[in-house]
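# Notes for the structure review
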Amino acid sequence: MDKCHRQSYETGVYWPQKTAMLNKTFWEHRYANDQTGWDLGAVSPPIKAYVDHLQDKYAPVLIPGCGHGYEAEYMLEQGFSDVTVVDIAALPLERLRSRVGDRSGLKTIQSNFFDHQGQYQLILEQTFFCALDPALRQDYMQHMHSLLKPGGHLAGVLFNVEFEKEGPPFGGEESDYRKLMKPWFHLLLMEPCENSVQPRMNTELFFVAEARSDAH
């Protein structure tokens, strides 16, 4: 990630676009004032269905931009034993910890995603990509790749719609996502979600991508 983009994520000053101040203060304010329209209050149905088919419950999993972490909570309930969540805001992480208590298998980290280091077999995407300024999307793909073990998977949900209002959330189109992923991932699946919650029906894509060994 170049210096300009790193500064943009941490301070809210965006180049070439100047959008909402999407920094720690912005997100803390949204959570503190319950301005969380993206929050389903439960695990996302497409991700729940995907998790239900996973066999290796010992594989290290990362959920970045996790918010209240319903996906992480669900994975713990299903017996997954190595789940790490990262969010730039402290409040949603505190709320997640209060719900799951001392249950083992969960690690919560308050951090800038682009500063996070580690190696994971699976990374789940749920309303994090759409919360980032579009100027950071190439950096998102590159850093996601760096966090995955060889052959690891990035999977989750992306919006397949352009929003009329200025984001977040920021929308996009399938063709753009495919181009973004190509240098870093082998796209194994990308298709419209048939099990979205009703307000998001016909606006979501589910995808699974494998980290490329020849990425550049």
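Refer to the structure presented above.
All figures in this text were calculated on a predicted structure; none of them were measured in a lab.

Another point: the overall build of the chain. For the chain, the count of helices and strands is seven helices and seven strands. Going from N to C terminus, the chain has its helices and strands arranged as α-α-α-β-α-β-α-β-β-α-β-α-β-β. The buried share of the chain, taken over its 216 residues, is 53%. Accessible surface computed for the chain: about 10,500 Å², of which carbon and sulfur atoms make up 49%.

Before going further, it helps to examine the packing of helix α6 (residues 137-147) against helix α7 (residues 174-181). Two packed helices can be described by the angle between their axes and the distance between those axes. At a minimum axis distance of 9 Å, the contact between α6 and α7 shows a crossing angle of 50°. Taken together, the axes of α6 and α7 are oblique relative to one another. The two elements α6 and α7 cross, and the hand of that crossing is right-handed. The segment α6 lies against α7, with R137, Q138 and M141 engaging Y177, L180 and M181. Along the lines of polarity and charge, the residues of the contact of α6 with α7 split into four nonpolar, one polar and one charged.

With that out of the way, let us pick up the environment of V208. Along the chain, the position of V208 falls in strand β7 (residues 204-211). Residue V208 is classed as buried on the basis of its relative accessible area, which comes to 9%. Sequence spacing of V208 and G156 is 52 residues, and the spatial spacing of their C-alpha atoms is 6.7 Å. Ignoring anything within four residues of it in the chain, the contact list for V208 reads Y50, H153, L154, A155, H186, L187, L188 and L189.

Turning next to unusual backbone geometry. Residues other than glycine seldom take positive phi values, yet T127 does so here, at roughly 55°. Tracing the sequence through the fold places T127 in the loop between β4 (120-126) and α6. Note on T127: relative accessible area 18%, which makes it buried.

Looking now at the nonpolar core. One finds I123, Y140, M141, M144, L154, M181 and F185 to be the most contacted residues of the largest nonpolar core, which totals 28 residues. Sorting the residues of this core by element identifies β4, α6, β5 (148-159), α7, β6 (185-192) and β7 as the ones contributing at least two each. Apart from the residues lying within four places of it in its own chain, the contact partners of M144 are P64, F113, I123, E125, F128, L154 and F185. Of all hydrophobic cores here, the second largest spans 26 residues; its members include C66, Y74, A155 and V157.

With that settled, the discussion passes to the packing of aromatic side chains. For the structure shown, the criterion picks out seven aromatic pairs. Ring centres 6.0 Å apart and planes at 40° place the aromatic pair F128 and Y140 in the tilted group. Of this pair, F128 sits in the loop between β4 and α6 while Y140 sits in helix α6; the two residues are twelve residues apart in sequence, bridging distant segments of the chain. Of the residues examined, Y140 reaches a relative accessible area of 1% and is grouped as buried. Plain terms: the ring middles of F129 and Y177 are 5.6 Å apart, the flat faces sit at 85° to each other, and that makes the pair edge-to-face. In this pair, F129 sits in the loop between β4 and α6 while Y177 sits in helix α7, placing the two residues 48 residues apart along the sequence. Chaining the aromatic ring pairs together yields one cluster made of F113, F114, F128, F129, Y140 and Y177.

Attention now moves to the pairing of β7. Most of β7 sits inside the fold, with seven of its eight residues counted as buried. As paired elements, β5 and β7 share seven bridges and run antiparallel to each other. Paired with L158 across the two strands is L205, which belongs to β7.

Rules used throughout
Residues numbered from 1 in each chain as written. Predicted model: local features only at pLDDT ≥ 70, side-chain atom pairs only at ≥ 80, totals over all residues. Heavy atoms only, no water. Helix = DSSP H or I, 4+ residues; strand = E, 2+ residues; numbered from the N terminus. Buried < 20%, exposed > 50% of the residue type's maximum accessible area, 1.4 Å probe, protein only. Areas by Shrake-Rupley, 256 points an atom, 1.4 Å probe, with all protein chains shown as cover. Axes fitted to C-alpha atoms, helices over the stretch in contact; angles between N-to-C directions. Parallel < 35°, antiparallel > 145°, perpendicular 65-115°, else oblique. Left-handed = near helix turned anticlockwise from the far one by under 90°. Contact = heavy atoms within 4.5 Å. Nonpolar A, V, L, I, M, F, W, Y, C, P; charged D, E, K, R; others polar. Core = buried A, V, L, I, M, F, W, Y, C linked by side-chain atoms within 4.5 Å. Phe/Tyr/Trp six-rings, centres within 6.5 Å; stacked < 30°, edge-to-face > 60°. Pairing = 2+ DSSP bridges.

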